[in-house]
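Spelled out, the chains give:
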Amino acid sequence: MADSILELQNVGKYFGDFVAVERINFKVKKGEFFTIVGPSGSGKTTMIRMLVGMDKPSCGDILMAGERINDVPANRRPTCMVFQSLALFPHKSVGENIEFPLKIRGETKHNRKTRAIELLEKLHLSEVYYHKKVSECSGGEKQRVALARALAFDPEILFFDEPLSALDYRLRKTLEKELKNIQRSTGKTFVYITHSLEEAMVMSDRISIMRDGRIVQIGTPDEIYNHPANGFVAQFMGEVNEFQVTRQGNNRLLDSDSKQHYAAPPGVNLDAGILIVRPERVRILTEGEEADTEMTGTVQNQYVLGSRVQYEVKVKNRSLLVETMIDESRDVGESVRLGWNADQAFLLAQ
Amino acid sequence: MNAQSPVSPSKTSSSPESLPERRKFKLMTFARNLILWFKQPGVILSLPALFVFIAGFVGPLVLVVLYSFMPPRTFSFNQLPTLDNFATILQDGYYLSYAWSIGLALVTTLILLAICWPVAYGLSKVFKRSMIITLLLVLPLFVSENVRLFGWVLTLLNHGVLDGTVRTLFGWELPDLLYNVPVTVLGMVYIYLPFMLFPMSLGISMVPDTCREAAFDMGATRWQVFKEVELPLAMPGIMIGSLLTFVLVLGSISEAKILGGQSIIMISHDIETAFTYAQNWPLGSALSTLLILITAVLVIGLLSRLNLDNLLSRK
């Protein structure tokens with residue numbers, strides 16, 4: 001394929017008996033923002049180390065622009081990684097850090113400085129930073145310097161190993177968007193690793209979800225959110241309501257614990273499985289409002305999430321999570337009628 | 001520290017005071033300042049260490065410097081200072097001993113830099129500061145330096161361990177191995193190896209693995225990683241190791257005596273002779289003072305050029 005810049009064919013990595021990555025296949029298109037998401041221990045760091053060239057795969061091939069690069073060491077690959085720890089050189093100034101890949105390449109001092117200042121500007125850092133020490137920079141600034149250094153290398157593919165995980169929420173949100181903008185404006189291929197699906201959703205063109213060394217699902221953020229491949233993917237996005245169900249008739253499901261009935265999502269022909277409903281899909285029904293699945297319960301707890309509120313509603317012997325806008329406020333102890341439409345739930349295999 | 005400022009306005013506002021009163025006031029301010037200074041955290045706690053430092057370190061140094069200005073072959077400070085000893089040093093060709101000492105110190109430090117880097121690298125990266133290997137390297141330090149050097153003498157002696165073995169097995173005759181410059185350097189390298197090795201391996205363990213990987217990832221060759229990342233980041237350890245070995249070799253005496261025979265006279269040997277055999281303390285003191293001066297100039301010059309502050313400001 002002409003437009004796939006990176007391709008993995010049956011790539012696996014074993015440490016003795018331990019399977020870190022199990023025969024993975026996927027393709028990354030040129031100019032794409034591709035994110036690999038997985039909980040810790042899912043093999044994503046092992047994977048990126050193979051992609052960057054710091055580890056060799058135990059089996060399979062890694063192809064870059066159609067050529068096998070398994071045995072090409074990291075320093076001869078046209079790729080570059082932004083480390084989780086950022087790995088900025090503490091003995092060099094910000095400017096020298098950014099110039100490092102250019103110095104390695106033997107560029108003249110003048111060219112290096114011009115390029116470094118250009119990159120500083122691109123990342124919203126003033127020229128003052130050129131002479132600053134790395135230790136004088138804040139977390140967000142260091143992040144920008146690390147990115148500038150990687151961009152100075154001008155790689156075909158830029159890898160990121162959870163670089164934003166140590167930052168506070170607000171700064172992370174800002175940088176996520178900035179990263180996405182930089183990816184757009186430079187047209188580079190970004191391969192990003194994170195444990196946060198939320199972070200992946202904001203930035204990525206496509207997301208691949210990993211679990212125990214395997215890929216569970218690859219898709220656009222929209223596909224991942226609206227058509228999760230299994231319960232693991234659905235849960236990964238955040239808290240969900242889960243019901244163990246068996247089919248009873250064409251469009252009715254029976255909860256094996258509470259013996260309640262739910263409307264079956266259309267187009268799924270499973271006889272048994274997990275029914276998943278996201279809290280934001282469950283509505284608190286007003287007088288006379290109807291839904292495919294309805295039930296009543298008592299509000300047990302409320303958690304304000306900012307613009308929205310999450311309620312824990314006790315229905316029979318279990319609790320359901322419901323999220324609404326903050327203006328539809330309910331009190332603890334109040335009895336409410338809950339409901340959702342059949343097509344807003346997922347019926348997934350175990 | 002000066003918390004007495006509220007007192008001064010009252011002085012200026014009153015009528016002109018008499019001289020003794022002003023003096024008394026000054027004395028009181030001084031006393032109060034002194035008490036406040038003592039009340040600072042750490043001052044009292046540091047006194048014992050300060051005392052040991054002054055009595056055991058600064059004191060003798062001052063005595064040696066003072067002695068170097070006394071007339072030759074005298075044993076008291078009760079005389080007019082003179083520069084005779086320094087004149088003797090200039091006239092009597094002691095510069096050769098200084099040259100030998102500084103030259104050997106430089107050569108030994110350079111050799112140690114070269115051979116300790118791979119060993120220290122292995123120690124801190126491959127063996128992860130393994131206890132057993134560290135112990136094997138430290139264990140010889142428990143044996144007296146002279147004993148170890150005599151071990152070398154027995155090994156390298158004509159008809160000694162090495163020569164005897166080669167003679168018996170192959171019938172060859174080895175040339176004289178002892179009592180020359182190379183064997184002296186060998187002894188120094190052997191004796192002072194740990195003083196370079198351990199600070200250096202500490203320095204190397206201060207280089208973050210990710211920095212090394214990042215440099216490699218950005219296309220750096222092995223050599224470039226060494227030059228651009230490892231060497232500057234390990235520099236504090238390297239500097240400390242180099243200073244230790246340099247200064248220790250400068251003051252060493254047994255290697256040149258035992259392994260070098262009479263082929264090398266180092267300055268430490270001259271100093272010893274002056275103090276003991278020649279009974280010329282002032283000359284010995286002058287030689288020592290000059291050695292301390294030369295060392296200080298070299299070391300401070302080197303340190304200021306390398307800007308340790310800059311090297312150590314790491315995060």
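Let's talk about the overall build of chain A
Moving on, step 1. Looking only at helices and strands, one finds eight helices and 20 strands in chain A.
Moving on, step 2. Dimensions of chain A along its principal axes, counting C-alpha atoms only, are 75 × 45 × 35 Å.
Moving on, step 3. Counting across all 350 residues of chain A, residues that qualify as buried make up 53%.
Moving on, step 4. Partitioning the contacts of chain A with sequence separation of at least 6, the portion at a separation of at least 24 is 64%.
Moving on, step 5. Total accessible area on chain A stands at roughly 16000 Å², and carbon and sulfur atoms take up 45% of it.

A word on the sheet that holds strand E10 (residues 214-219) of chain A
All names here are of chain A.
Moving on, step 1. Strand order in the open sheet formed by six strands is E6-E7-E8-E3-E9-E10, and the pairing between neighbours is mixed. The sheet is open, and its two edges are formed by strand E6 (79-82) and E10, each paired on a single side. When the angles between neighbouring strand axes are averaged without regard to direction, this sheet yields 20 degrees.
Moving on, step 2. Direction of pairing for strand E3 (residues 33-37) relative to strand E8 (residues 189-194): parallel, over a ladder of five bridges. The partner of Thr35 across the bridge, within E8, is Tyr192.
Moving on, step 3. Seen against the sheet, helix H4 (residues 139-153) touches E6 and strand E7 (157-161) and runs at an angle of roughly 180 degrees to E6.
Moving on, step 4. The sheet strands contacting helix H5 (residues 169-186) are E3, E7 and E8, and the helix crosses E8 at an angle near 160 degrees.

A short note on the nonpolar core
Moving on, step 1. Membership of the largest hydrophobic core comes to 123 residues, with the highest contact counts inside it found for Leu6(A), Met47(A), Ile98(A) and Phe159(A).
Moving on, step 2. Take this core: its biggest share by element is 11 residues, from helix H9 (residues 181-205) of chain B.
Moving on, step 3. Every residue in contact with Ile98(A), bar those within four places of it in the chain, is listed here: Ala116(A), Leu119(A), Leu120(A), Val145(A), Ala148(A), Arg149(A) and Ala152(A).
Moving on, step 4. Met295(A), Val309(A), Leu320(A) and Ala345(A) belong to the second-largest nonpolar core, a separate cluster that totals 22 residues.

Focus on the packing of H4(A) against H5(A)
Residue and element names in this part refer to chain A.
Moving on, step 1. Axis separation between H4 and H5 bottoms out at 11 Å; the angle between their running directions is 15 degrees. Classified by the angle their axes make, H4 and H5 are roughly parallel. Like other packed secondary-structure pairs, H4 and H5 cross with a definite hand, here right-handed. Between H4 and H5, the contacting residues are Gly140, Gln143, Arg144, Leu147 and Leu151 on the first element and Leu171, Leu175, Glu178, Leu179, Ile182 and Thr186 on the second.
Moving on, step 2. Split by residue class, the contact of H4 with H5 holds six nonpolar, three polar and two charged.

Some details on the interface of chain A and chain B
Moving on, step 1. In this complex, chain A contributes 26 residues to the contact, which on the side of chain B involves 20 residues.
Moving on, step 2. Note on chain A versus chain B: buried area summed over both sides is about 2000 Å², and carbon and sulfur give 63% of it.
Moving on, step 3. For Lys103(A), the salt bridge is made with Glu228(B), and the minimal N-O distance between the two is 3.1 Å.
Moving on, step 4. Inspection of the chain A/chain B interface yields nine residue pairs in polar contact (both at pLDDT 80 or more).
Moving on, step 5. Of all the elements in the fold, those that place two or more residues in the side of chain A that touches chain B are helix H1 (44-52), E6, helix H2 (94-104) and H4 of chain A.
Moving on, step 6. Among the elements that take part in the side of chain A that touches chain B, H2(A) stands out by supplying four residues, more than any other.
Moving on, step 7. When grouped by side-chain class, the residues that make up the side of chain A that touches chain B number 15 nonpolar, five polar and six charged.

Let's talk about the sheet that holds strand E5 (residues 67-68) of chain A
All names here are of chain A.
Moving on, step 1. If you walk across this open sheet you meet the four strands as E2-E1-E4-E5, and the pairing is antiparallel. Of all strands in the sheet, those with a lone pairing partner are strand E2 (18-29) and E5, marking the two edges.
Moving on, step 2. Each of strand E1 (4-15), E2 and strand E4 (59-64) touches H1; the most contacted strand, E1, lies at about 125 degrees to it.

Concerning the side chain of Asn75(A)
Moving on, step 1. The topology assignment puts Asn75(A) in the loop between E5 and E6.
Moving on, step 2. Polar side-chain contacts of Asn75(A) include one of 3.1 Å to the backbone oxygen of Ala220(B).
Moving on, step 3. If we ignore the near neighbours within four places in the chain, the residues touching Asn75(A) are Phe216(B), Gly219(B), Ala220(B) and Thr221(B).

So, empty space enclosed by the protein
Moving on, step 1. Evaluated as defined, the whole model comprises two cavities of 30 Å³ or more.
Moving on, step 2. Lining the largest cavity, in full, are Val82(A), Gln143(A), Arg144(A), Leu147(A), Phe160(A), Pro163(A), Leu164(A), Leu175(A), Glu178(A) and Leu179(A).
Moving on, step 3. Elements with a contribution of two residues or more to the lining of the largest cavity: H4 and H5 of chain A.
Moving on, step 4. Counted by class, the lining of the largest cavity contains seven nonpolar, one polar and two charged residues.
Moving on, step 5. Approximately 40 Å³ is the volume found for the second largest cavity.
Moving on, step 6. In terms of lining, the second largest cavity is formed by Cys80(A), Met81(A), Val82(A), Leu86(A), Ala146(A), Arg149(A), Ala150(A) and Met218(B).
Moving on, step 7. Among the residues making up the lining of the second largest cavity, the classes are represented as seven nonpolar, no polar and one charged.

Structural notes on the side chain of Thr109(B)
All names here are of chain B.
Moving on, step 1. Its place among the elements puts Thr109 in helix H5 (residues 95-126).
Moving on, step 2. Judged by relative accessible area, which is 7%, Thr109 ranks as buried.
Moving on, step 3. Beyond its immediate chain neighbours, meaning those up to four positions away, Thr109 contacts Met196, Ser242, Thr245 and Phe246.

Some thoughts on the pattern of salt bridges
Moving on, step 1. Considering all chains together, one arrives at 28 salt bridges over all chains under this definition.
Moving on, step 2. In this structure, Arg49(A) and Asp55(A) form a salt bridge, with 3.1 Å as the shortest nitrogen-oxygen distance.
Moving on, step 3. Residue Arg49(A) is classed as partly exposed on the basis of its relative accessible area, which comes to 22%.
Moving on, step 4. Residue Lys257(B) is joined to Glu272(B) by a salt bridge in which the shortest nitrogen-to-oxygen separation is 2.8 Å. You can see Lys257(B) sitting in helix H12 (residues 254-259) and its partner Glu272(B) sitting in helix H13 (residues 267-275), a full 15 residues away along the chain.

What to know about the domain arrangement of chain B
All names here are of chain B.
Moving on, step 1. On domain assignment, one finds that chain B holds domain 1 (18-67) and domain 2 (93-311).
Moving on, step 2. Distance from the C-alpha centre of domain 1 to the C-alpha centre of domain 2: 40 Å.
Moving on, step 3. Between domain 1 and domain 2, the contact holds four residues from the first and six residues from the second.
Moving on, step 4. Along the contact surface separating domain 1 from domain 2 lie zero salt bridges.
Moving on, step 5. Put simply, domain 1 and domain 2 have zero residue pairs in polar contact (both at pLDDT 80 or more) between them.
Moving on, step 6. Here the side of domain 1 that touches domain 2 is built from residues that sort into four nonpolar, no polar and no charged.

Each value, and the rule that gives it
Residues numbered from 1 in each chain as written. Chains lettered and ligands numbered in written order. Predicted model: local features only at pLDDT ≥ 70, side-chain atom pairs only at ≥ 80, totals over all residues. Heavy atoms only, no water. Helix = DSSP H or I, 4+ residues; strand = E, 2+ residues; numbered from the N terminus. Buried < 20%, exposed > 50% of the residue type's maximum accessible area, 1.4 Å probe, protein only. Contact = heavy atoms within 4.5 Å. Areas by Shrake-Rupley, 256 points an atom, 1.4 Å probe, with all protein chains shown as cover. Pairing = 2+ DSSP bridges. Axes fitted to C-alpha atoms, helices over the stretch in contact; angles between N-to-C directions. Core = buried A, V, L, I, M, F, W, Y, C linked by side-chain atoms within 4.5 Å. Parallel < 35°, antiparallel > 145°, perpendicular 65-115°, else oblique. Left-handed = near helix turned anticlockwise from the far one by under 90°. Nonpolar A, V, L, I, M, F, W, Y, C, P; charged D, E, K, R; others polar. Buried area = accessible area lost by both parts, 1.4 Å probe. Salt bridge = Lys/Arg side-chain N within 4 Å of Asp/Glu carboxyl O. Polar contact = N/O pair within 3.5 Å; in protein donor to acceptor, adjacent residues only side chain to side chain. 1 Å grid on protein atoms, 1.4 Å probe; cavity = no way out; pocket = protein on both sides within 12 Å on 5 of 7 lines; lining within 4 Å. Points joined across faces, edges and corners; volume = space filled by probe spheres on them. Domains from an automatic or database assignment.

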